[in-house]
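One-letter residues, chain by chain:
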Amino acid sequence: MKPRRVTATIIVLLAALYFLLPLWATFQFSLSMLRGTWSFQAYKVVFADQRFQETFLFSAVAALATIVLGALLVVPTAYWVRLKLPRFRPVVEFITLLPLVIPPIVLVFGYLRLYNSSSWLPFTDTVAGTNVLLVFGYTVLALPYMYRAVDTGLQAIDIRTLTEAAESLGAKRGAILWNVILPNVRPAVLSGAFLTFAIVIGEFVLASLLNRPAFGPYLQNVGANRAYEPAALAVISFAVTWACMVLLQMAGGRAPGKPRMRLFSFPSRKRASA
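Now for a description of the structure that goes with this document. Please read all numbers here as calculations on a predicted model, not as lab measurements.

1. Looking at the overall build of the protein
Piece 1. In terms of helices and strands, the protein carries twelve helices and zero strands.
Piece 2. Start at the N end of the protein and walk to the C end: the helices and strands fall as α-α-α-α-α-α-α-α-α-α-α-α.
Piece 3. Its C-alpha atoms give the protein principal-axis dimensions of roughly 80 × 70 × 45 Å.
Piece 4. Looking at the protein as a whole, 36% of its 274 residues are labelled buried.
Piece 5. Pairs at least 24 residues apart make up 75% of the contacts formed inside the protein by residues separated by at least 6 positions.
Piece 6. For the protein, the accessible area works out to roughly 17,000 Å², and carbon and sulfur atoms hold 67% of it.
Piece 7. Side-chain charges of the protein comprise 25 positive and 10 negative groups, with the mean position of each set lying 12 Å from the other.

Laid out in structure tokens, this is it:
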């Protein structure tokens, strides 16, 4: 074996140990709720908790709404900027990176200031309005990851040629975006969706200050008052994350940028036999 391969193998093994040992220790601790034996008692307590079911379902629905809203916002924007406004790409990239610089607590206090019950648009006056505001905040937080993923997918395909070919067949811009561009960047959109889901499930600041029953505040509350259940919740969260990764790989189906065989499907015609 070459020295470089040996070095690379050692680095990978050390990285795996660095990643897996804390996870194994957390899992082992979560099994130690009953003294003298290993059991899944902590997991039974967690799954039987009504608040766990309610908060996880709430965050999952919020994550799906955030993914849909983020995709509807990012895919047309990234496509249009690459196709018609390439000079504005640095400006758009700078704007999409702002959520990494601005702390979430600043964002949520701005929301509370602008959309409180005495403002011209009182989102916080109703539960539904507060939920919508929370989804808007999640979309902003996930914007850098969704935009980068979609922009990378668009970079891997020739959108100008695909657009011109579709227009030559009589397709309108909306049909081009839906039937041509989106299928070609589907793995990139799914990558952004996975990152968005992971962000929303563990987010604490927005949900806590907006007083919404999300999974992040529930994790913090359980961690502050119990010992073994937080470890079980950490393992469960990790399992959910990896399940999302597996679903992402299954749904992606092909590498980003691999073109489809046809732009549109037309009815096949049988050739007359000679």
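Okay, back to it.
2. Some thoughts on the side chain of R82
Piece 1. Along the chain, R82 falls in helix α3 (residues 50-84).
Piece 2. Among all residues touching R82, those that are not within four sequence positions of it are R89, D151, L154, Q155, I159 and R160.

3. Concerning the pattern of salt bridges
Note on pairing: side chains with opposite charge can pair once their charged atoms come close.
Piece 1. Within the structure shown, the criterion is met by four salt bridges.
Piece 2. D151 is paired through a salt bridge with R82; the nearest N and O atoms lie 2.9 Å apart. In this pair, D151 is assigned in helix α6 (residues 127-155) and R82 in helix α3, connecting sequence segments 69 residues apart.
Piece 3. R82 sits in the buried class, given a relative accessible area of 19%.
Piece 4. Here E167 and R173 are joined by a salt bridge, their closest N and O atoms 2.6 Å apart.
Piece 5. For E167, a relative accessible area of 38% translates into the label partly exposed.
Piece 6. The exposure class of R173 is partly exposed, given its relative accessible area of 28%.

4. As for the packing of aromatic side chains
Piece 1. A full pass over the atoms with the stated rule returns 14 aromatic pairs.
Piece 2. Ring geometry for F29 and Y228: centres 4.8 Å apart, planes at 25°, overall stacked. Here the residue F29 occupies a position in helix α1 (residues 3-30), and Y228 occupies one in helix α12 (residues 228-252), the gap between them amounting to 199 residues.
Piece 3. Consider the rings of F40 and Y43, whose centres lie 5.6 Å apart with planes at 55°: the pair is tilted.
Piece 4. A relative accessible area of 9% means that Y43 is categorised as buried.
Piece 5. Three or more aromatic residues joined by ring pairs form one cluster here, namely F47, F52, F56, F215 and Y218.

5. Notes on helix α9 (residues 186-202)
Piece 1. With 17 residues, α9 should reach 24 Å at 1.5 Å per residue; the first-to-last C-alpha distance of 25 Å fits that figure.
Piece 2. Among the residues of α9, those classed as buried are P187, A188, V189, G192, A193, F194, T196, F197, V200 and I201.

6. Observations regarding unusual backbone geometry
Piece 1. A positive phi angle, near 60°, is found at N211, a position not held by glycine.
Piece 2. Structurally, the position occupied by N211 is in the loop between α10 (205-209) and α11 (215-225).
Piece 3. Since its relative accessible area comes to 62%, N211 is described here as exposed.

7. Thoughts on the packing of helix α2 (residues 41-48) against α3
Piece 1. Packing of α2 against α3 brings their axes to within 4 Å, and their N-to-C directions diverge by 65°. Across from V46, F47 and A48 in α2, the residues of α3 making contact are Q50, F52 and Q53.
Piece 2. In terms of residue class, the contact of α2 with α3 is made up of four nonpolar, two polar and no charged.

What counts, and at which threshold
- Residues numbered from 1 in each chain as written.
- Predicted model: local features only at pLDDT ≥ 70, side-chain atom pairs only at ≥ 80, totals over all residues.
- Heavy atoms only, no water.
- Helix = DSSP H or I, 4+ residues; strand = E, 2+ residues; numbered from the N terminus.
- Buried < 20%, exposed > 50% of the residue type's maximum accessible area, 1.4 Å probe, protein only.
- Contact = heavy atoms within 4.5 Å.
- Areas by Shrake-Rupley, 256 points an atom, 1.4 Å probe, with all protein chains shown as cover.
- Lys, Arg positive; Asp, Glu negative; His and termini not counted.
- Charge placed at Lys NZ, Arg CZ, Asp CG, Glu CD.
- Salt bridge = Lys/Arg side-chain N within 4 Å of Asp/Glu carboxyl O.
- Phe/Tyr/Trp six-rings, centres within 6.5 Å; stacked < 30°, edge-to-face > 60°.
- Expected span 1.5 Å × (residues − 1).
- Axes fitted to C-alpha atoms, helices over the stretch in contact; angles between N-to-C directions.
- Nonpolar A, V, L, I, M, F, W, Y, C, P; charged D, E, K, R; others polar.

Taken by themselves, the reported measurements are silent on function.
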